[in-house]
Structures are given as C-alpha cells and as structure tokens.
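Results of the structural survey
Chain by chain, the residues run as shown.
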Amino acid sequence: ESDNPLPQENKQTNQSIKSIKHTMSADELADIDDGDLPEPSLKNIIDQTTLQWVFVGGKGGVGKTTTSCCLGVQLAKSRKKVLIVSTDPAHNLSDAFCQKIGREPTPIEGFDNLSAMEIDANNDMEEMQRNMNEQGTEDDGGLSSMLSELTNSIPGIDEAMSFSELMKQVQGMDFDVVVFDTAPTGHTLRLLSFPTILEKALGKVMELKDRFGGLIGQATAMMGENPGATQDAILGRLEETRTVINKVNDMFQDPAMTTFVCVCIPEFLSIYETERLVQELSKFGIDSHNIVVNQVLFPEKDAEELSEWYTKTKASLPTEAQEICAKMMARKRMQDKYIGQCFDLYGEDFNVTLMPLLDHEVRGTERLKDFSEFLTNPIDIEE
C-alpha cells in the first residue's frame, strides 16, 4: 500500500493523513484506556442544553441520515421541540421514518415533539426567481429581471440566497434545536462558505451599479421608468440576505449554540474525508468534537479475539463456512486498523462513537429508537 495515495489538494491534510498511516494493531486498540479518552458517545450533545444547531455531515453513503434521525430521537427525550432538516437534494428522511415528509415541518409518527422537513434549494431558488421576475415585469418593464440575471451569474449565489430563506424560515419557528442532515462533504463545505460568497456578490453588484448605473438610468428614463427604485429593491434584497447569513454565521461560530457531528465508516477514504472536514470546520471556526463511526463489525470485540475463535473452530467448519468466516475476518482486521487510526488521531479531543453493523436496515420509528440508544450508551471496546 502506498504511503501517499491521496490527491495533492491540501498539503496540511496530506501531512495529517500521513501521521495516521502507521498501523495500529488490534491488540493496541484493545489496550486503549477508556479513562484517558472523552466518553465514546453523543451524550455530551444531549446534555448541552444551549445547543440550537446540530449539523451531521460526512462522505456520501456513511449513514448521515440514520445518525441525524437517531440524534433527533434522542434529543426529543429532553427537548420540547426538535426539528430535523434535510439539506441533501437526495432526500432520505421520508425513507428513514417510513412516512411522507415535505417542505414544511412534518410531525413524526410516535412523537409529539419531533418534526422533520426536506428542502430543495433549486426549487426554492426558482420560485424566488419567478417572484422577482414577475415583480420586475409589473414595476419596471424588465429592469428588475435584468439585474436579477446579473446577480444570479455569480457562482453559488443561488444556493446562498436559498439557504438564507431556509434560515429565516427556521428561525421563525418555535424549535428548541434543529438537526441538519447535510449533503455530502463538498456541498456542506460550500454551505459554510456562503457568507463569504454573499459578501463578494454584494460587492460585485454594487460595482456594476456604480459603473453602469448612469447608463441604465438614462436608458430607462427615456422609457419613462424609475430605475433607482428597482436597483434599490434588488440591492435591498441582497443586503437583507447578507444580514441574515452573517447573523447565522455568528451563531454557527458559537460553540455554545452550534456543533458539527462528523460521520464516517472504518475505511481509508472515509477517514481521509473526515480529516479534511475537521480541518475545514476549524478553518470556518465551527465547533466539532464528535465523530460517529458507522457499520462497525462486532465493536465490542477485536480481530485478535475472533481470530483465536476461528483458529480453534476452523477445522470443524465446512469449506463454504470457512470462506465466509475468512472474508469476515479480513473485513474485521481492516476495520480495526482504521478504528485504531481514528482513535489515534481524534481520541484525545473527540468523542468517538462506534455504531454496530446490524442484521437489518434501520428504517421506521421503532428501529430508529432502538438504534439511537447506541449513540448515548457507549459500547465498551475492551469487553
């Protein structure tokens, strides 16, 4: 295995990944002293009553939605009103809870204080664009439409404004805590950079106004229109959006109000993505001190124990059973290696929670309730 199979995106990230490349054996993992590590559960999030925003993110396919739903279930035990919001275009909340969930907060069956909603940034932006264009047609013969086209030519501005609308909507609701089931890492990092995007967007539009405002004004004045009012309306909308986003950004950077839960599975690419996410969150000033490791085979055992059992019983097993067990053992050894690296890299500062791989899918309220218990009742890796 190469010592540096990673793309050269970020020198600091590559160096950090190299630091965990030394392999931690299964018995080293077993020697980890729980007393020296933060509690391996998400109980710290449940106990922190000041939290208002909890983001759950990570690489695609690692179980973010399941983790978000389970965290929402646990929070509902101690909070008055909990909302789970999916910002991933490929929504899965409806599938997880086995009920239809729409763009408005939908009460979850079996709870009186838990709701969920799925938002679509593209649809929201198209609706907002339609409204602006209709207003422009009525008021100024299309100048508003032209300025909105200029505004939307700035990369990322559509998502930023849509996110702003979402935050205004959520802030107007009476929820104690909101859990965000986010899109895969790249989309989430873009979401966190929206304040910067909007700042640049507003500056660009102001620059265009200063440069061409006189020319546009003369042209529209000849047609008997009032360009000043239209420009002020468009810029006012952007300014309002920027104000909301900056306010939200201040809250996101307050560890008493916001935290980010990183979700991964015990495989190299997922651990690498988690490291990149942790570094980016640090760069944005967003608190992150919880990592959930999903799909863990027998988290209470290590590969050495299972290997001893397999050695003793191998001769009595049919050939097909031996092949199945050998494949399972290979997977378990690989997982133990990356779980060891995860504890080695994050164990001193992060609450690392191991979630077991089950024999069935976690779908429906009852199974989510049962599975969510693993988030707050840590599995002892030394048993």
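Fair warning: this is a prediction, and the values are worked out from it, not measured in the lab.

Looking now at the packing of helix α13 (residues 303–313) against helix α14 (residues 319–346). At their nearest, the axes of α13 and α14 sit 9 Å apart, and the two run at 160° to each other. Classified by the interaxial angle, the pair formed by α13 and α14 is roughly antiparallel. In this structure, α13 meets α14 at a crossing whose hand is left-handed. From α13, Ala303, Leu306, Ser307, Trp309 and Tyr310 reach across to α14, where they touch Gln322, Cys325, Ala326, Met329, Lys332, Arg333 and Asp336. In terms of residue class, the contact of α13 with α14 is made up of 7 nonpolar, 2 polar and 3 charged.

All right, on to the sheet that holds strand β5 (residues 177–181) then. With respect to topology, 8 strands assemble into an open sheet ordered β3-β4-β2-β5-β1-β6-β7-β8, the strand pairing being mixed. Strands at the two margins of the open sheet, each flanked by one partner only, are β3 (106–107) and β8 (351–356). The sheet contact formed by strand β1 (residues 53–58) and β5 spans 4 bridges and is parallel. Bridge pairing in β5 links Val54 to Val179. Helix α12 (residues 268–284) rests against β1, β6 (258–264) and β7 (290–296) of the sheet, and its axis sits at about 165° to β6. Packing against the sheet, α14 makes contact with β7 and β8, and its axis sits at approximately 175° to β7.

Counted as a void, the largest pocket has a volume near 460 Å³. Gly63, Thr66, Gln295, Glu361 and Val362 are, among the 19 residues lining the largest pocket, the residues nearest its centre. Contributions of two or more residues to the lining of the largest pocket are made by α4 (64–75), α5 (93–97), β7 and β8.

On to the pattern of salt bridges, then. Counted according to the given criterion, the structure contains 7 salt bridges. Measuring nitrogen to oxygen at the nearest pair gives 3.2 Å for the salt bridge that ties Lys43 to Asp47. A residue pair is termed a helical-turn pair when its members lie 3 or 4 positions apart in one helix, as Lys43 and Asp47 do in helix α3 (residues 43–47) at 4 residues. With relative accessibility at 35%, the residue Lys43 sits in the partly exposed group. Judged by its relative accessible area of 48%, Asp47 is partly exposed. One salt bridge connects Lys369 with Glu366, and the closest N-O pair in it is separated by 3.9 Å. Remark: Glu366 and Lys369 occur in helix α15 (residues 365–376); sequence separation between them is 3 residues, near one turn of the helix. Its relative accessible area of 27% is what places Lys369 among the partly exposed residues.

Turning next to the confidence of the model for the protein. Chain-level statistics for the protein give a pLDDT mean of 78 and a share of 67% at 70 or above. When mean pLDDT is compared element by element in the protein, α4 scores highest at 96, while helix α1 (residues 11–19) scores lowest at 38. Scored below 50 in pLDDT, residues 1–24 makes 48 contacts in the model with residues more than four places away or belonging to other chains.

Calculation criteria
Within each chain, residues carry numbers counting from 1 in the order of the written sequence. In keeping with the predicted nature of the model, local features appear solely for residues at pLDDT of at least 70, side-chain atom pairs appear and are counted solely at 80 or more, and the whole-chain, interface and lining totals rest on all residues. The side-chain quantities take in all heavy atoms of the structure and omit both hydrogens and water. Only the stretch in contact is used when fitting a helix axis, every axis being a line fitted to C-alpha atoms; angles between N-to-C directions are given from 0 to 180 degrees. Helix and strand definitions follow DSSP, with helices as H or I runs of at least four residues and strands as E runs of at least two, each counted in order from the N terminus. Should an angle lie under 35 degrees it is considered roughly parallel, over 145 roughly antiparallel, and from 65 to 115 roughly perpendicular; all remaining angles are considered oblique. The handedness criterion is simple: a crossing whose near helix is rotated anticlockwise from the far helix by less than a right angle is left-handed, and one whose near helix is rotated clockwise is right-handed. Between two residues, a contact is recorded if the distance between any of their heavy atoms is within 4.5 Å. Amino acids outside the nonpolar list (Ala, Val, Leu, Ile, Met, Phe, Trp, Tyr, Cys, Pro) and the charged list (Asp, Glu, Lys, Arg) are all regarded as polar, and Gly is one of them. Only strands joined by at least two bridges in the DSSP assignment are considered to pair. Method remark: on a 1 Å grid restricted to protein atoms, a set of points is classed as a cavity if a 1.4 Å probe fits but cannot get out and as a pocket if it is open with protein on both sides within 12 Å along at least five of seven lines; lining residues have an atom within 4 Å of a point. Grid points are joined across faces, edges and corners, and a volume is the space filled by probe spheres set on the points. A side-chain nitrogen of Lys or Arg and a carboxyl oxygen of Asp or Glu constitute a salt bridge if their distance falls within 4 Å. Burial status follows relative accessibility: with a 1.4 Å probe on protein chains alone, a residue under 20% of its type maximum counts as buried, one over 50% as exposed, and anything between as partly exposed. Predictor confidence is given residue by residue as pLDDT, running from a minimum of 0 to a maximum of 100.

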